[in-house]
Amino acid sequence: MRTVLGLAADRGLSVELVLFDGLTDLSPATWAAADAQLRALVAAVAQRPPALWDLADRPDDRVSATAGPAEVRAFAVHVAGTLRDADPAAVSTVTWADPATAADPSLAAVVGAVSVAVPPGADAAAVVATVRAGIGDRPLLLVLPGPATDGGWGPVPRTPARQAHDLASDLLAAHQAGVGSVSVAALADSPATGQRGLLRADGTAKPAAALVAAGAALAAVPAPGVLDLVSGRFWWAVAAALVVAAAGIWWWRRRRAPVGRRAGPADGGGPAGPSPDRTPGRTPAGIPPGGERGGRHRAAPRAGH
């Protein structure tokens, strides 16, 4: 950790250190161990401390059988006090998943800045307005989820163009609302973050990477076009289903069609010709005139009898 912080400081970068990500049980039974870990870390980085200590990333998503919402909030208040005791100059925050929790004035009072993670698909401006209503003009930090670029199966595909457009909209809303700092949850794609990064797993930049540069033209990012929309797997699946359905209907109608027969006058066709085994003045082969096969015949009744 000291090496990372030293390299960042040498390059003029500030670091936000996120703590207790692996701690799933936030009940009081774990607080003593958390305090010891925090104090040891503060001592280890005392020469080059981080710019911001994030004491918990979305702890309200870790409600469990041993730690309900009240215990989770109490944990945040407790470790904030521990950090103040260990380093009074440290600037702390807690990143909440629920904007209503982040807007709680009693929780905002124990940290140097309030931080909230914008839920995927949520309106960043609405999230900011909710939190601002509770904390007033206290410093506010926003964590954006970073829209994924894995294509997805929805009618609106998750593409690099869609990621850039959605991220630009969120950044623009945050800046217009006076948010002090905005961060993206994932810098690069990885098995842990999926394809939500600004960089691909090989380090190449996606279009959204240019939006975090100073002076980026956020309002000039165009919405994805029609070609981007129809490139999604959802629409390819719909097209394939329509083709299969059309083929099935065609086959079913072919199976139910009547067997064809020779067209005659009753069918609106041409005059009926002689049958294959009849000619004028002759009976079918093997049948004597006026009789049945085998010589047996019935006499025709006489007229008038």
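Use the structure listed above.
What you see is a predicted model, and the numbers here were worked out from it, not measured in a lab. (Residues numbered from 1 in each chain as written. Predicted model: local features only at pLDDT ≥ 70, side-chain atom pairs only at ≥ 80, totals over all residues. Heavy atoms only, no water.)

1. With respect to the overall build of the protein chain
Here is step 1 of the chain: Helix and strand counts for the protein chain stand at 9 helices and 6 strands.
Here is step 2 of the chain: For the protein chain, the proportion of its 305 residues judged to be buried stands at 33%.
Here is step 3 of the chain: For the protein chain, restricting intrachain contacts to residue pairs at least 6 apart in sequence, the fraction spanning at least 24 positions comes to 63%.
Here is step 4 of the chain: Approximately 18,500 Å² of the protein chain is accessible, and the part contributed by carbon and sulfur atoms is 60%. (Helix = DSSP H or I, 4+ residues; strand = E, 2+ residues; numbered from the N terminus. Buried < 20%, exposed > 50% of the residue type's maximum accessible area, 1.4 Å probe, protein only. Contact = heavy atoms within 4.5 Å. Areas by Shrake-Rupley, 256 points an atom, 1.4 Å probe, with all protein chains shown as cover.)

2. A look at the packing of aromatic side chains
Here is step 1 of the chain: For the structure shown, the criterion picks out 1 aromatic pair.
Here is step 2 of the chain: Taken together, a centroid distance of 5.8 Å and an interplanar angle of 80° make the contact between F20 and F75 edge-to-face. In this pair, F20 sits in the loop between β1 (16–18) and α2 (31–44) while F75 sits in helix α3 (residues 69–86), placing the two residues 55 residues apart along the sequence.
Here is step 3 of the chain: Overall, F20 belongs to the buried group, its relative accessible area being 9%. (Phe/Tyr/Trp six-rings, centres within 6.5 Å; stacked < 30°, edge-to-face > 60°.)

3. Remarks on the side chain of K206
Here is step 1 of the chain: Relative to the helices and strands, K206 is located in the loop between β6 (181–184) and α8 (226–230).
Here is step 2 of the chain: Residue classification places K206 among the buried positions, given a relative accessible area of 4%.
Here is step 3 of the chain: Here the side chain of K206 touches D189 through a polar contact of 3.0 Å, side chain to side chain. (Polar contact = N/O pair within 3.5 Å; in protein donor to acceptor, adjacent residues only side chain to side chain.)

4. Topic: the sheet that holds strand β3 (residues 92–96)
Here is step 1 of the chain: Strand order in this open sheet of 6 strands is β1-β2-β3-β4-β5-β6, and the pairing throughout is parallel. In this open sheet, the two strands that pair with only one neighbour each are β1 and β6. Taken over all neighbouring pairs, the strand axes of this sheet differ in orientation by 25° on average, direction set aside.
Here is step 2 of the chain: Note: strand β2 (residues 52–57) against β3, 3 bridges, orientation parallel. Residue W53 lies in a different strand from β3, and its bridge partner there is S92.
Here is step 3 of the chain: Sitting on the sheet, α3 touches β2 and β3, and the angle it makes with β3 is about 160°. (Pairing = 2+ DSSP bridges. Axes fitted to C-alpha atoms, helices over the stretch in contact; angles between N-to-C directions.)

5. Some details on the environment of R138
Here is step 1 of the chain: One can find R138 in the loop between α6 (124–135) and β5 (140–144).
Here is step 2 of the chain: R138 has contacts with A108, A109, V111, G112 and R132, leaving out every residue within four places of it along the chain.

6. Things to note about the pairing of β2
Here is step 1 of the chain: Most of β2 is tucked away: 5 of the 6 residues are buried.
Here is step 2 of the chain: The pairing of β1 with β2 spans 3 bridges and is classified as parallel. In the strand pairing of β2, V18 is matched with D54.
Here is step 3 of the chain: This β-α-β element, β2 to α3 to β3, shows right-handed connectivity. (Right-handed = clockwise from strand over helix to strand, strands pointing away.)

7. A few points about the pairing of β5
Here is step 1 of the chain: Of all 5 residues making up β5, 5 are buried, and the element is well covered by its neighbours.
Here is step 2 of the chain: Side-chain alternation along β5 places L140, L142 and L144 on one buried face and L141 and V143 on a second face that is also buried.
Here is step 3 of the chain: The pairing of β5 with β6 spans 4 bridges and is parallel. Counted as the bridge partner of L141 is S181 from β6.

8. Re the pattern of salt bridges
Here is step 1 of the chain: Following the criterion strictly, the structure yields 7 salt bridges and no others.
Here is step 2 of the chain: Across the pair R158 and D150 runs a salt bridge, and its minimum N-O distance is 2.7 Å.
Here is step 3 of the chain: Among the residues examined, D150 registers a relative accessible area of 30% and is labelled partly exposed.
Here is step 4 of the chain: Between R162 and D166 there is a salt bridge, with the nearest N and O atoms lying 3.9 Å from each other. In this pair, R162 and D166 both sit in helix α7 (residues 160–176), 4 residues apart, roughly one turn of the helix. (Salt bridge = Lys/Arg side-chain N within 4 Å of Asp/Glu carboxyl O.)

9. As for the nonpolar core
Here is step 1 of the chain: Counting 53 residues, the largest nonpolar core has L19, W53, L55, L140, L142, L167 and L211 as the members making the most contacts within it.
Here is step 2 of the chain: In this structure L142 touches V116, V118, A124, V128, A174, V179, S181, V182 and S183, once residues within four positions along its chain are discounted. (Core = buried A, V, L, I, M, F, W, Y, C linked by side-chain atoms within 4.5 Å.)

10. Focus: α3
At 3.6 residues per turn, the α-helix brings residues three or four places apart onto the same side.
Here is step 1 of the chain: Here α3 contains 18 residues, and its C-alpha end-to-end distance of 26 Å stays within 8% of the 26 Å for a straight helix at 1.5 Å per residue.
Here is step 2 of the chain: Taken residue by residue, α3 has V72, F75, A76, V79, A80, G81, T82 and L83 as its buried positions.
Here is step 3 of the chain: Buried residues in α3 make contact with α2, β2 and β3. (Expected span 1.5 Å × (residues − 1).)

11. Quick word on the packing of α2 against α3
Here is step 1 of the chain: The N-to-C vectors of α2 and α3 enclose an angle of 35°; their axes lie 10 Å apart at closest approach. Every pair of crossing elements has a handedness; the one defined by α2 and α3 is right-handed. Along its contact with α2, which presents W31, A34, D35, L38, R39 and V42, the element α3 presents E71, A74, F75, H78, V79, T82, L83 and A86.
Here is step 2 of the chain: Among the residues forming the contact of α2 with α3, the class breakdown is 9 nonpolar, 2 polar and 3 charged. (Left-handed = near helix turned anticlockwise from the far one by under 90°. Nonpolar A, V, L, I, M, F, W, Y, C, P; charged D, E, K, R; others polar.)

Purely geometric stuff here, so don't read any function into it on its own.
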